[in-house]
Amino acid sequence: MGPGVALFDFLVNGAPLGDPTPKGTIPQKTGPEYWNRLYHQKSDGTFEDVTEKAGLQGKGYGMGVAVGDYDNDGFDDLYVTAYGGNRLYHNNGNGTFSDITDKAGVAGGGWSTSAAWIDLDNDGLLDLVVLRYLEWDFDDVWCGEHKEGYRAYCHPDYFKPIPPLVYHNDGNGHFTEVSQKIGLSKPGKALGIAFADYDRDGHTDIFVANDSVLEFLYRNKGDGTFEEVALLNNAAADGDGRTFAGMGVDFADYDNDGLPDIAVTNLATQMYAIDHNHGDGSFDYATLTSGLGQITRTHSGWGVRFFDYDNDGWKDLLIAQGHDLDTIQLTFPNLRYREPMLLARNTGQGFVDVSASSGAVFQQAWAARGMAIGDIDNDGRLDAVVTTNDGPAYILHNETPTQNHWLTLRLVGHKSNRDGIGAEVKLVTGKGAQFATVSTAGSYLSTSDKRVHFGLGADAAAASIEIRWPSGVIQRLKDVRGDQILQVDEPSPTVTEKGK
């Protein structure tokens with residue numbers, strides 16, 4: 001299923017497996033080649049491996065990673081998912097981490113995949129949602145043709161679904177599992193998670209990408225509970241009502257209409273899904289009308305993010321690709337296990353594939369899985385880190401030639417959670433408005449840069465910025481100069497700033 005990655009540059013690796021592996025086995029990291037990895041960026045732009053020094057070698061068969069400052073001390077903490085038990089690492093602020101999993105009560109169980117930090121009850125403390133894939137053990141089940149070289153991974157239909165885990169931050173270094181209590185407990189085959197306020201009621205909602213069962217959209221009811229409404233709101237399946245192999249996901253407004261839309265990657269012949277927000281709480285399946293269907297019909301995708309790579313003010317798509325079956329070409333000669341990355345440019349009228357003209361890296365075939373987006377060198381152009389199955393991690397350095405301007409915001413919450421996760425930002429230029437939700441979630445098994453990036457196009461400044469903090473405080477800025485990384489601190493609530 002592949003490793004995840006976070007910016008903050010933290011990579012997650014698996015563990016050795018025998019063939020066959022006995023039922024009930026918990027894979028262990030038997031040597032450095034199976035360690036998770038922490039890479040520290042030095043002042044010259046190169047990276048050094050500080051895994052052992054930081055105490056982050058890890059345990060079990062690592063899958064994904066989520067980054068968030070759960071105790072609001074100014075240092076990002078790590079939650080690493082795995083088959084065989086998850087781990088929470090507290091950032092000590094001195095380059096080292098402490099494993100506080102047992103004390104915090106967040107070890108979980110089963111096969112965990114993506115996780116997300118989000119303040120579910122707006123108490124200023126980040127809570128944790130942990131997805132799980134399915135009920136699985138090392139039963140020796142044969143799938144694929146019964147001849148040498150044709151054995152393949154079993155389809156998810158062979159296994160039962162499993163509910164997620166939801167941990168409420170109690171504020172004392174301990175978490176309480178509340179999935180049943182708050183209605184985030186529907187069994188699925190979950191791989192990707194992203195969030196935004198899709199119905200514009202002031203409460204953050206959650207989308208879950210499921211593999212070969214209906215997708216989930218959890219509507220935040222505003223009273224601390226959620227209801228699953230994907231099928232009701234036309235976001236659970238494709239345009240013909242068929243399920244697909246949902247893997248990676250992002251939840252953002254790609255057409256600048258103020259309404260967050262959904263992108264979900266899946267397997268070849270299914271076409272990646274674009275659910276366009278209709279504005280009345282429902283979605284249109286816009287895969288074909290957006291142009292993404294024609295581009296992706298023969299591709300298989302994992303990590304995915306909306307991001308403005310050329311700073312023209314429109315959110316483009318970058319997608320990590322590769323089929324899940326390493327035997328796929330034996331039975332379907334037109335498909336490939338290893339595939340190049342996909343860059344789809346948003347023209348304002350739809351998406352076009354610009355991979356071929358965007359650098360030699362888009363000619364390299366990988367079994368790509370996790371992907372994180374962020375401006376690694378702070379030059380105003382968003383970069384990416386991509387992980388691969390049985391291969392290295394790759395840094396995609398954005399060298400797009402452009403005269404367009406940009407603005408990156410680093411939000412610091414005070415009454416809200418310190419990371420500002422869940423805050424909504426509206427930025428206005430001469431071309432109109434853009435919208436973003438502060439989030440590190442999305443993609444597949446991965447965590448992206450928490451800073452919010454906007455392309456300004458030809459405008460050298462943003463005419464206005466409005467930030468709606470999770471606390472309800474509304475903050476407004478005027479005439480903000482572009483081409484800078486700006487820290488914005490949450491102000492104290494006042495009568496005029498307080499949202500209703």
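Caption draft 1: Representation of the packing of aromatic side chains. Enumeration over the complete set of coordinates arrives at 13 aromatic pairs. In textbook terms, an aromatic cluster arises when at least three aromatic residues are bridged by ring pairs, as seen for Tyr70, Trp117 and Phe175.

Caption draft 2: Quick peek at unusual backbone geometry. The backbone phi angle of serine 212 is positive, close to 70 degrees, even though this residue is not glycine. Along the chain, serine 212 falls in the loop between β16 (205-210) and β17 (216-220). A relative accessible area of 15% places serine 212 in the buried class. Of note in the backbone geometry, asparagine 234 takes a positive phi value of approximately 65 degrees without being a glycine. For asparagine 234, the location among the structural elements is in the loop between β18 (226-228) and β19 (249-252).

Caption draft 3: Expanded view of the sheet that holds strand β6 (residues 77-83). Taken in spatial order, the 4 strands line up as β5-β6-β7-β8 in an open sheet, and their pairing is antiparallel. Strands at the two margins of the open sheet, each flanked by one partner only, are β5 (61-68) and β8 (97-99). The sheet shows a mean angle of 25 degrees between the axes of neighbouring strands, direction not considered. Inspection of the sheet shows β5 paired to β6 by 6 bridges, in the antiparallel sense. The residue of β6 that forms the bridge with valine 67 is leucine 78.

Caption draft 4: Local environment of the nonpolar core. Ranked by internal contacts, the top residues of the largest apolar core, which has 34 residues, are Tyr79, Leu88, Trp117, Leu120, Tyr167, Phe175 and Ile206. Among the secondary structure elements, those contributing two or more residues to this core are β9 (112-118), β10 (127-132), β13 (165-169), β15 (190-196), β16 and β17. With residues near it in sequence (within four places) discarded, leucine 120 still touches Asp127, Val129, Val166, Ile182, Ile206, Asn220 and Phe226. Counting 19 residues, the second largest nonpolar core, distinct from the first, contains Ala423, Ala436, Leu456 and Leu477.

Caption draft 5: Representation of the sheet that holds strand β31 (residues 424-429) in the model. Taken in spatial order, the 4 strands line up as β32-β31-β34-β35 in an open sheet, and their pairing is antiparallel. What marks the edges here is a single partner per strand, and that holds for β32 (432-437) and β35 (474-481). Averaged over all adjacent pairs, the angle separating strand axes in this sheet is 20 degrees, with direction ignored. Relative to β32, β31 runs antiparallel, the two sharing 6 bridges. Bridging across to β32, leucine 427 finds its partner in glutamine 434.

Caption draft 6: Local environment of the pattern of salt bridges. Applying the stated criterion across every chain, the model contains 18 salt bridges. The salt bridge involving arginine 87 is made with aspartate 99; its shortest N-O contact spans 3.0 Å. Of this pair, arginine 87 sits in strand β7 (residues 87-91) while aspartate 99 sits in strand β8, and the two are 12 residues apart along the sequence. In this structure arginine 87 comes out as buried when scored by relative accessible area, which is 14%. Residue classification places aspartate 99 among the partly exposed residues on the basis of a relative accessible area of 34%. Among the ionic pairs, aspartate 240 bridges to arginine 242, the shortest N-O distance being 3.1 Å. As far as the burial class goes, aspartate 240 and arginine 242 line up, both exposed. Taken together, the salt bridges that share partners define one network made up of Asp199, Asp201, Arg219 and Glu227.

Caption draft 7: Highlighting the pairing of strand β20 (residues 261-264). Here β20 shows a buried face lined by Asp261 and Ala263 and a second buried face lined by Ile262 and Val264. Relative to β20, β19 runs antiparallel, the two sharing 4 bridges. If you follow aspartate 250 over to β20, its bridge partner there is alanine 263. In the sheet, β20 pairs with strand β21 (residues 273-277) via 3 bridges, with the strands oriented antiparallel. Opposite valine 264, over in β21, you have alanine 273 as the bridge partner.

Thresholds, definitions, all that
- Along each chain, residues carry numbers from 1 onward, in the same order as the chain's sequence is written.
- Only residues with pLDDT of at least 70 get local features here, since the model is predicted, and only at 80 or more are side-chain atom pairs given and counted; chain-wide, interface and lining totals rely on the full set of residues.
- Working from all heavy atoms in the structure, the side-chain values ignore hydrogens and water.
- Any pair of Phe, Tyr and Trp rings, taking the six-membered ring for Trp, is counted once the centres come within 6.5 Å. Such a pair is stacked with planes under 30 degrees apart, edge-to-face with planes over 60 apart, and tilted for the rest.
- A run of H or I in DSSP counts as a helix once it spans at least four residues, and a run of E counts as a strand once it spans at least two, with each numbered from the N terminus.
- Burial here depends on accessible area, computed with a 1.4 Å probe over protein chains only, as a share of the maximum for the residue type. Under 20% is buried, over 50% is exposed, and the range in between is partly exposed.
- At least two DSSP bridges between two strands are needed for those strands to be called paired.
- What counts as an axis is a line fitted to C-alpha atoms, over the stretch in contact for a helix, and the angles between N-to-C directions run from 0 to 180 degrees.
- The set of buried Ala, Val, Leu, Ile, Met, Phe, Trp, Tyr and Cys residues whose side-chain atoms join them within 4.5 Å is what this entry labels a nonpolar core.
- Whether two residues are in contact is decided by their heavy atoms, any of which lying within 4.5 Å being enough.
- Salt bridges are defined as contacts in which a side-chain nitrogen from Lys or Arg sits within 4 Å of a carboxyl oxygen from Asp or Glu.

Without other data, these values stay purely geometric and don't point to any function.
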